[in-house]
Amino acid sequence: MGVDAARGLALLGMVATHVLSLVLYDADGFETGPSATALVAAGRASALFAVLAGVSLALANGGAQPPTGTSLARARRGVAARAGVVAVIGLLVGALGAPVAVILVNYGLLFLVVLPFLGWGPRRLLPLGALWLLVVPVLLHPVRDALVGGGVLPVSPGSSPSLLSLAEPGVLLGQLLLTGYYPVLSWTGLVLLGLGVGRLDLRRASTVVAVALAGLAAALGAWAVSAALTPRAAPSLEVPSGFPGSGDSLATTLQTGLYGTTPTTSWWWLVVDAPHSGTPPDLVGVAGSALVVLGAALLLARVARPLVWPFAAMGAMTLTLYSLHVLSLAVLSARELATGATVPEAPLYAAQVAGLLLVGGLWQLTGLRGPLEGLAASASAAARGSAR
């Protein structure tokens, strides 16, 4: 219930970043700073999903006892099948044309990337995940520079992956792995970290507290290092023309975020702690905040189950609810283009939250999996060669 509740909170955070403004303006239209949504949820909600993906993979495949031998081979087949279903759903949802960056194809690809590590325990996974978050973004910086500067990949992360994206498989794969909104090669560290946490005994309160405190230390440490280095880096930080967000001020960029990666015009970009910048401080910080949320949800599930239950009901079927959310935004976007009528942000967010809580709660009472969750589970069970 605690893990599902954390996933439900991640869903509400994603909805907030899709619906609510990230920048505040005064009466004259001048920026006054980041909104509460930007400060709380931007970059963190999607990263929480990635960390929880790793936790869920661990819990569904041996828990604290990693599978070995034949069991491991079957587990990998099951995860691969689930990844394929999630990715296909992502391609279909991405074709709806909603004005959001759909994460599902990246999510499915992340499952595939971590398959070699599915049989590892926490003593190997946790250090590897932390090292990945620190080192891989640095290694990818010159790779992105060469591919984008050489014209192999576009500067922009592009629209959400869809069936139309399959017409250019090389560009699609490059954006999914390297330059998109959720670059898989950088984000793999988040899933590895979650996989390692899921291999711990999360039924012990002391373990959960340790996880939360480690996350808090990581988040504060990443913020402190970036805060110390960013003023020195600022003269070298200019968003080049053509890069997403190039029309924004540097202050706005650092407060409200980038589009998955930083420009490659300077190595100094790697010290910023901006949402969706994919830098070591960003990734370590959001990983730390994810562990804090997970720890809090696990502890609350012990002492306040009625309070946690509505969020856990949503979290148990986030694939279905996330897809419905994107569908609703696509419909509203089409309506706005046709009529010019817009829905105010606050009422729209309240309606979205109420709808998700209602659908999640009512469906949970049936005792059934969510529709898309059931599809993914069936494919996984078939690939494993066993009924579930």
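It should be emphasised that the depicted structure is a prediction, and the values quoted were computed from it without experimental measurement.

Considering the packing of aromatic side chains
Any two aromatic rings considered together are summarised by their centre-to-centre distance and by the angle between their planes.
So, step 1. Counted according to the given criterion, the structure contains four aromatic pairs.
So, step 2. Both rings, one in Tyr 107 and one in Phe 111, keep their centres 5.2 Å apart while their planes meet at 45°; by these two values the pair is tilted. Taken as a pair, Tyr 107 and Phe 111 lie in helix 5 (residues 104–113) at a separation of four residues, close to a single helical turn. Across this residue pair, the class does not change: Tyr 107 and Phe 111 are buried.
So, step 3. The positively charged end of Arg 124 is found above the aromatic ring belonging to Trp 120, 3.8 Å away from the centroid.

Notes on the layout of surface pockets
In this approach, a probe sized like a water molecule rolls over the atoms, and the result shows the empty space that is left.
So, step 1. The space that makes up the largest pocket amounts to roughly 1,300 Å³.
So, step 2. Along the walls of the largest pocket sit 47 residues, with Val 3, Asp 4, Arg 7, Ser 56 and Leu 59 positioned nearest its centre.
So, step 3. Broken down by secondary-structure element, the contributors of at least two residues to the lining of the largest pocket are helix 1 (2–19), helix 3 (44–60), helix 4 (69–94), helix 5, helix 11 (280–303), helix 12 (305–315), helix 13 (318–339) and helix 15 (371–384).
So, step 4. For the lining of the largest pocket, the leading source of residues is helix 3, giving seven residues.
So, step 5. In this structure, the second largest pocket encloses a volume near 1,100 Å³.
So, step 6. Taken together, 43 residues line the second largest pocket, and the ones lying closest to its centre are Thr 17, His 18, Leu 22, Pro 99 and Val 100.

Notes on the pairing of strand 2 (residues 31–34)
So, step 1. Sheet topology places strand 1 (residues 23–25) next to strand 2; three bridges connect them, and they run antiparallel. If you follow Val 23 over to strand 2, its bridge partner there is Pro 34.
So, step 2. Between strand 1 and strand 2, which pair antiparallel in sequence order, lie five residues; one of them, Gly 29, sits at a positive phi of approximately 90°.

Overview of a nonpolar patch on the surface
So, step 1. Taken together, the side chains of Met 1, Leu 96, Trp 309, Leu 324, Leu 327, Val 331, Leu 358, Val 359, Leu 362 and Leu 365 present a nonpolar region at the surface, about 880 Å² in accessible area.
So, step 2. Counting residues per element, the ones that place at least two in the nonpolar patch are helix 13 and helix 14 (345–366).
So, step 3. With four residues, the top contributor of residues to the nonpolar patch is helix 14.
So, step 4. Following the sequence through the fold, Leu 327 ends up in helix 13.
So, step 5. Here Leu 327 falls in the partly exposed class, since its relative accessible area comes to 37%.

Quick word on the nonpolar core
So, step 1. Formed by 92 residues in total, the largest nonpolar core has its most connected members in Leu 104, Trp 187, Leu 190, Leu 294 and Tyr 322.
So, step 2. Ranked by the residues each element gives to this core, the list is headed by helix 3, at 11 residues.
So, step 3. Setting aside residues no more than four positions away along its own chain, Leu 190 makes contact with Ala 47, Ala 50, Val 51, Leu 133, Leu 283, Val 286 and Ala 287.
So, step 4. With nine residues, the next largest nonpolar core counts Leu 237, Phe 243, Trp 269 and Val 271 among its residues.

Scoring rules and cut-offs
- Residues numbered from 1 in each chain as written.
- Predicted model: local features only at pLDDT ≥ 70, side-chain atom pairs only at ≥ 80, totals over all residues.
- Heavy atoms only, no water.
- Phe/Tyr/Trp six-rings, centres within 6.5 Å; stacked < 30°, edge-to-face > 60°.
- Helix = DSSP H or I, 4+ residues; strand = E, 2+ residues; numbered from the N terminus.
- Buried < 20%, exposed > 50% of the residue type's maximum accessible area, 1.4 Å probe, protein only.
- Lys NZ or Arg CZ within 6 Å of the ring centre and 35° of its normal.
- 1 Å grid on protein atoms, 1.4 Å probe; cavity = no way out; pocket = protein on both sides within 12 Å on 5 of 7 lines; lining within 4 Å.
- Points joined across faces, edges and corners; volume = space filled by probe spheres on them.
- Pairing = 2+ DSSP bridges.
- Patch = residues over 30% accessible without salt bridge, like charges linked within 9 Å, V, L, I, M, F, W, Y side chains within 5 Å.
- Areas by Shrake-Rupley, 256 points an atom, 1.4 Å probe, with all protein chains shown as cover.
- Salt bridge = Lys/Arg side-chain N within 4 Å of Asp/Glu carboxyl O.
- Core = buried A, V, L, I, M, F, W, Y, C linked by side-chain atoms within 4.5 Å.
- Contact = heavy atoms within 4.5 Å.

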